[in-house]
Amino acid sequence: NIIAANNRYDAEYLKYFTGLDDVPVIPNFCDYVGVSYKPTRTQILVGPGRGIKDTLFRALESIGKSRGGFIFKRVRDLYPHFEYADLAAHP
């Protein structure tokens, strides 16, 4: 059996809760979508597309405004139907 993670956070989580010393990180490779990350929009997307509690979202909006004008948007508020290129345009 192989235990691995696809990002550092998950690798550290696994180490912490399992006691394992080495959890390799194998990053995602999504070349099949034909899109590169190009953050040209300012909004920070919040997902999943449905089900973000209003209380949590309002808290993010408030913190974003007070900490330098970060703008948070729900994915489905901006994109009822989205392409990968839409998502890759956001920080």
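Residues numbered from 1 in each chain as written. Predicted model: local features only at pLDDT ≥ 70, side-chain atom pairs only at ≥ 80, totals over all residues. Heavy atoms only, no water.

Comments concerning the packing of aromatic side chains
Point 1. Evaluated as defined, the whole model comprises three aromatic pairs.
Point 2. A ring pair is formed by tyrosine 13 and phenylalanine 17, whose centres lie 4.7 Å apart and whose planes are at 50 degrees; its orientation type is tilted. Here tyrosine 13 pairs with phenylalanine 17, and both are found in helix α1 (residues 8-18), just four residues apart, close to one helical turn.
Point 3. Taking the relative accessible area as the measure of exposure, tyrosine 13 reaches 44% and is therefore partly exposed.
Point 4. For phenylalanine 17, a relative accessible area of 56% corresponds to the exposed category.
Point 5. With a centroid separation of 4.8 Å and an interplanar angle of 80 degrees, the aromatic rings of tyrosine 16 and phenylalanine 17 are classed as edge-to-face.
Point 6. Pairwise contacts between aromatic rings join Tyr9, Tyr13, Tyr16 and Phe17 into one cluster.
Point 7. Sitting over the ring of phenylalanine 57, arginine 74 keeps its end group 4.2 Å from the ring centre. (Phe/Tyr/Trp six-rings, centres within 6.5 Å; stacked < 30°, edge-to-face > 60°. Helix = DSSP H or I, 4+ residues; strand = E, 2+ residues; numbered from the N terminus. Buried < 20%, exposed > 50% of the residue type's maximum accessible area, 1.4 Å probe, protein only. Lys NZ or Arg CZ within 6 Å of the ring centre and 35° of its normal.)

A few points about the pattern of salt bridges
Point 1. Applying the stated criterion to the full structure yields four salt bridges.
Point 2. When the shortest N-O distance is used, the salt bridge between lysine 15 and glutamate 12 registers 3.4 Å. Here lysine 15 pairs with glutamate 12, and both are found in helix α1, just three residues apart, close to one helical turn.
Point 3. Aspartate 54 is the salt-bridge partner of arginine 74, the closest N and O atoms lying 2.7 Å from each other. Highlighted residues: arginine 74 in strand β2 (residues 71-74) and aspartate 54 in helix α2 (residues 54-66), separated in sequence by 20 residues.
Point 4. Looking at arginine 74, the relative accessible area reads 16%, which means it is buried. (Salt bridge = Lys/Arg side-chain N within 4 Å of Asp/Glu carboxyl O.)

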